[in-house]
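Architecture and fold: a report
If you want the building blocks of each chain, they are given just below.
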Amino acid sequence: MTAAGVTVAGVTVAGALRFLLPAGACAVLLLLPRLTANEYLFALGVSFATFSVLAGGLNLVYGYTGLLSFAQVGFFGIGAYAAALLVTEQQWPFLAAVAAAGAIATVAGLVIGYSSLRLSRHAFAIVTLSFALLCMIVARDWVSLTRGAMGIPGLPAPVLNLPAGLSWRIASPADFHWLMTIFAIAANALIYLVMTSRLGRAMRAIRQNEALARSQGINPLAYRLLALGLSALLAGLAGGLFVFYLTIVDPSVFDFYYTETMLIMVIIGGAGSFWGVLVSTAVLTVVPDLLRFSTDLRMVLYGVILIIVMLVFPGGIGGWLRKRGVARWRSVRVAKS
Amino acid sequence: MSAAPLLEVRGLTKRYLGLTALDSLSYSVEPGAVVGIIGPNGSGKSTNVDCISGFQGADAGHWFLDGVELTGLPAHRIAQTGLVRSFQNVQAYDEMTLLENLCVARQEIDGIGWWATLARSARLREGEAAAEARGRELLALVGLAEFAQAPAAILSYGQRKLLAIAACLMARPKLIILDEPVAGVNPTMIRHIAQVIRKLNAEGIALIIIEHNVDFVMSLCRRVIVIEAGRKIADASPAVVRADPRVLAAYLGRAGAAEAQGAHG
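Bear in mind that the values here come from a model prediction, so they are computed numbers and not experimental data.

**Some thoughts on the interface of chain B and chain A**
Chain B puts 29 residues into the contact, and the matching count from chain A is 24 residues. Sort the elements by how many residues they give to the side of chain B that touches chain A and helix α2 (residues 75-80) of chain B lands first, with four residues. Among the residues making up the side of chain B that touches chain A, the classes are represented as 17 nonpolar, six polar and six charged.

**Some words on the pairing of strand β10 (residues 231-236) of chain B**
Residue and element names in this part refer to chain B. Across five bridges, strand β9 (residues 223-228) lies against β10 in antiparallel orientation. Looking across to β10, one finds that I225 is bridged to D235. Here β9 folds back onto β10, and the loop between the two strands holds two residues, one of which, A229, carries a positive phi near 50°.

**So, helix α2 (residues 39-64) of chain A**
All names here are of chain A. Between its terminal C-alpha atoms α2 stretches 36 Å, which fits the 38 Å expected from 26 residues at 1.5 Å a residue. Of all 26 residues in α2, 20 are buried; the element is thus mostly enclosed. Trailing α2 by a residue or two, G66 shows a phi angle of about 80°, which is positive.

**Describing the sheet that holds strand β3 (residues 34-38) of chain B**
All names here are of chain B. The strand order β6-β7-β8-β3-β9-β10 describes an open sheet built from six strands, whose pairing is mixed. The strands lining the two open edges of the sheet, one partner per strand, are β6 (83-85) and β10. The mean angle between the axes of side-by-side strands here comes to 20°, regardless of whether they run parallel or antiparallel.

**Some points on the nonpolar core**
The biggest cluster of nonpolar side chains holds 179 residues, and the ones touching the most others in it are A83 and V266 of chain A together with L163, A166 and L175 of chain B. Among the elements that take part in this core, helix α10 (residues 220-246) of chain A stands out by supplying 16 residues, more than any other. When residues no more than four places from it in sequence are discounted, the contact partners of A83 of chain A are A97, V98, A101, G240 and V243 of chain A.

**Considerations on the pairing of β9 of chain B**
Across four bridges, the pairing between β3 of chain B and β9 of chain B is parallel. Paired with G36 of chain B across the bridge in β9 of chain B is V224 of chain B.

**Overview of the domain arrangement of chain B**
Residue and element names in this part refer to chain B. Taken domain by domain, chain B consists of domain 1 (7-91 + 173-264) and domain 2 (93-154). Taken over C-alpha atoms, the centre of domain 1 sits 29 Å from the centre of domain 2. Across the contact, four residues belong to domain 1 and five residues belong to domain 2. Looking at which element gives the most residues to the side of domain 1 that touches domain 2, the answer is helix α7 (residues 187-202), with three residues. Considering only residue class, the side of domain 1 that touches domain 2 consists of one nonpolar, two polar and one charged.

Reading guide: rules and limits
- Residues numbered from 1 in each chain as written.
- Chains lettered and ligands numbered in written order.
- Predicted model: local features only at pLDDT ≥ 70, side-chain atom pairs only at ≥ 80, totals over all residues.
- Contact = placed C-beta atoms within 7 Å.
- Helix = DSSP H or I, 4+ residues; strand = E, 2+ residues; numbered from the N terminus.
- Nonpolar A, V, L, I, M, F, W, Y, C, P; charged D, E, K, R; others polar.
- Pairing = 2+ DSSP bridges.
- Expected span 1.5 Å × (residues − 1).
- Buried ≥ 20, exposed ≤ 12 C-beta atoms within 10 Å, placed from the backbone.
- Axes fitted to C-alpha atoms, helices over the stretch in contact; angles between N-to-C directions.
- Core = buried A, V, L, I, M, F, W, Y, C linked by C-beta atoms within 7 Å.
- Domains from an automatic or database assignment.

Here is the structure:
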């Protein structure tokens, strides 16, 4: 019996850790502004929260349904622009603007998916890449709507109207840390729920063997649209919230930097592994920042890390763990025969 | 043969550019029957399966399962109506456990929707518990029970064929089409697979078996359909089919057929 198999009062140590580690991490993140006044940590917290949602959504699309998508940054940026424009030009309340941002991004995701998934996985990758580039071009050149390269600066601090007449003006870095952390916990919980339900099981089936899945009554298009729609919704909401933290949105929100960061988080964490991707997101948010890399140098570092991972752990952290499981069963089978 | 057929195929035709792979093929399968479909390489056996299971579009023809027209439906819809198939090159979800492999094969037919799934409703829990129980039962039936929690990647070729048969059964199908269930499998495993098929048929499940292994088909089926160049050339009991000169000619060539008949006579 391994250490993880030890049972205390009917609860395995592994089972307890599985609950306590995430709960503890959430508690630390939520209490951070009570533990420190270090604004740098809040900035890291906002960055981690945002990327955990973007990478988590990408993991659902790529790791679960097997579709390489470059569109996440497009949904993120569409959400950012939609929320910014609705608040500044239409005077929409904060929450309504963010909800609309999510809805618009979802529609964009479904339209892209429905039109390109009838072709092939490769066509899908190309269409999503084109979509992300197109978003940036539209943001830059449709000046009458987006104000072009100038962007939309000076977004007001959002105000959340809470029940019982309270209101929360989200202005300080600590406020944004809270806002994004609460959103990220809810979004990741939803992603986790989908992944671990049989919806996620059907998605994994589609990635591993599409023909077999179809022969068992699974409609690949429906599940892929579900994954894509959900990831677009969450990315759109994340963009709609994050833009108020930046207080400005300009075409650089569609930068390829975001796409590469998300992709590397998913690949290193192991496509298809919820916890693996979450851990790699945390590490890749904190480490480059600690080492004070400039954005350009960081891209070089990412490239190097990606090559090393491809050589040493082709399946990422999650894939490595899975392989160990297969090896263990192989030895069981050999021992029995 | 007065009972309404379970599967009825009428005038199924499939052309690839100049080649006619299926030429107005018609046949029917009675409820509870085990029907073999044999034929030389390239005769259209597998094209036939791919067409009626929705994996390839047919150029002409209609087919019905239990009176419901399946013509032109996508593969997943055909599977949901109760016609399931296995594949020639055995297929499994390698990264999933055997039990997951089976449970996933049932989830689209128990009528529990996405919302009920996300809400983890009582109906979902019951449905999944039932699927798991059925999965364990089937793993025991095919002799893979001890690997229920192992990933499918560890299975041998023959074991994968058994897993594929078990997966077909998960959906409680009306008709199973097994595409080459024993190709490349050792004799012990062939006997085991034959046993499993007999057990299934005893439970009332109708099967179509597409095979190259003529002895295997003849031993299991009371009716054999022979296809050559996309046309049905025989449809009778194994004994009659064995003696049919057209079948012999198709398999052995005309000279060989004459020789074989000479040997018999």
